[in-house]
Amino acid sequence: MQKLTGYFEFLQKIRQVESPSFDWLRNTLDDNALKQYIPMYGDHFRHARAGAYLLDYSQQRYLHFDEAACRTLTGYRSDYLLSGGLEAGLGLWDKNDLDVYDREVLPANLDFLSSVPVKEIPQYLFECTYRVRNKAGEIRTVLQKSFFLHSTNKKLPTLVCGYLFDLTSYKTDNAITYRVHKNTGNGIYHQVKDDIFFPAFEDRVLSKRETEILQGFSLHYTIQQIAARLHISPYTVKNHLKNIRRKINCEDNAQLYLYARSQGLLRNK
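Conventions and cut-offs
Residues numbered from 1 in each chain as written. Predicted model: local features only at pLDDT ≥ 70, side-chain atom pairs only at ≥ 80, totals over all residues. Heavy atoms only, no water. Buried < 20%, exposed > 50% of the residue type's maximum accessible area, 1.4 Å probe, protein only. Helix = DSSP H or I, 4+ residues; strand = E, 2+ residues; numbered from the N terminus. Pairing = 2+ DSSP bridges. Axes fitted to C-alpha atoms, helices over the stretch in contact; angles between N-to-C directions. Contact = heavy atoms within 4.5 Å. Lys, Arg positive; Asp, Glu negative; His and termini not counted. Salt bridge = Lys/Arg side-chain N within 4 Å of Asp/Glu carboxyl O. Polar contact = N/O pair within 3.5 Å; in protein donor to acceptor, adjacent residues only side chain to side chain. 1 Å grid on protein atoms, 1.4 Å probe; cavity = no way out; pocket = protein on both sides within 12 Å on 5 of 7 lines; lining within 4 Å. Points joined across faces, edges and corners; volume = space filled by probe spheres on them. Nonpolar A, V, L, I, M, F, W, Y, C, P; charged D, E, K, R; others polar.

Looking down a regular strand, the side chains alternate between one sheet face and the other. Counting buried positions along strand 2 (residues 61-65) yields four of five residues, so the element is predominantly enclosed. In textbook terms, the turn of a hairpin is the stretch between consecutive antiparallel strands, and for strand 1 (residues 52-56) and strand 2 this stretch comprises four residues, one of which, Q60, has a positive phi near 55°.

One open sheet accounts for seven strands, arranged 2-1-5-4-3-6-7; its pairing is antiparallel. With partners counted over all chains shown, the strands left at the sheet margins are strand 2 and strand 7 (188-197), one partner each. Direction aside, neighbouring strands of the sheet carry axes that sit 25° apart on average. As defined by bridge partners, strand 4 (residues 139-151) adjoins strand 5 (residues 157-166) across nine bridges and the pair is classed as antiparallel. Counted as the bridge partner of L143 is F165 from strand 5. Relative to strand 2, helix 6 (residues 78-90) is tilted by about 145°, and along the sheet it contacts strand 1 and strand 2.

Attention now goes to the side chain of D66. With respect to the helices and strands, the residue D66 is situated in the loop between strand 2 and helix 5 (67-74). Buried charge D66 goes without a salt bridge, the closest partner of opposite sign being R71 at 9.3 Å. Looking at D66, its side chain comes within polar contact range of the main-chain nitrogen of A69, at 2.8 Å.

What follows concerns empty space enclosed by the protein. Inspection of every chain in the model, using the stated rule, returns two cavities of 30 Å³ or more. Approximately 340 Å³ is the volume attributed to the largest cavity. Along the wall of the largest cavity there are 29 residues; nearest its centre are Y53, Y62, W93, Y130 and Q144. Those elements that place two or more of their residues in the lining of the largest cavity are strand 1, strand 2, helix 5, helix 6, helix 7 (95-113), strand 3 (124-133), strand 4 and strand 5. Residue composition of the lining of the largest cavity, by class: 23 nonpolar, five polar and one charged.

Counted under the stated rule, the structure contains 13 salt bridges. Where D99 meets R103, a salt bridge forms, and the shortest distance between an N and an O atom there is 2.8 Å. With D99 and R103 both in helix 7, this residue pair falls four residues apart, about one helical turn. In this structure, R103 and E104 form a salt bridge, with 3.6 Å as the shortest nitrogen-oxygen distance. What emerges from the salt-bridge pattern is a single network uniting R179, D194, K242 and R246.

Listed below in structure tokens is the structure:
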């Protein structure tokens, strides 16, 4: 099979595939099977818990979209997406983020799926963040968690179960985080892939907080000392350090130290 290089190329290819219906989901995957492969599923599509959607890639339409989540994130009623399909959904995306999803995220998904047996694909949870512009013109940051419930024998996903979470109040940078987790049983997921993408060059510039943390780290303060000085949690410090390494492409502490020295950060204030 020719390797697909982007999201929109994938959407053109998958149009030629006959996708299973919503009835297939109900009739083929009974509750025990769903809970085995997807513990988060529960009764999402029977009781419409917040944040759930079901997307048919081949028909490029939503079979279900939670009303509350749709209004919170987009400002539209769910009918807007149910009738407008995937085209309406993609129309809400930030253009730079959609470009990254096209060039980086979807190809990363397909590349990962190529190494997984078809029957095991529903056991994997795919996460990514992106921004959407709602009806009022406001930018909202979304965390999307997706399971590919059905795929072709060539490992192209056709039916997607997803959950959306509003991270606007918690995520202040524009970087697109991307992770893959495997269900190891009993609702426990083990992270198997972790990456980050930057929609624009300026997104690689360190923030004021990241600069403060890098300076403290380069001056040999401990994680706990940095957290206390900046009145944040040690967990937050660790996350910032991970993002700093990604932004400046440093693999170890020695490279971080050299970068900090080149930026004049080795002077205690």
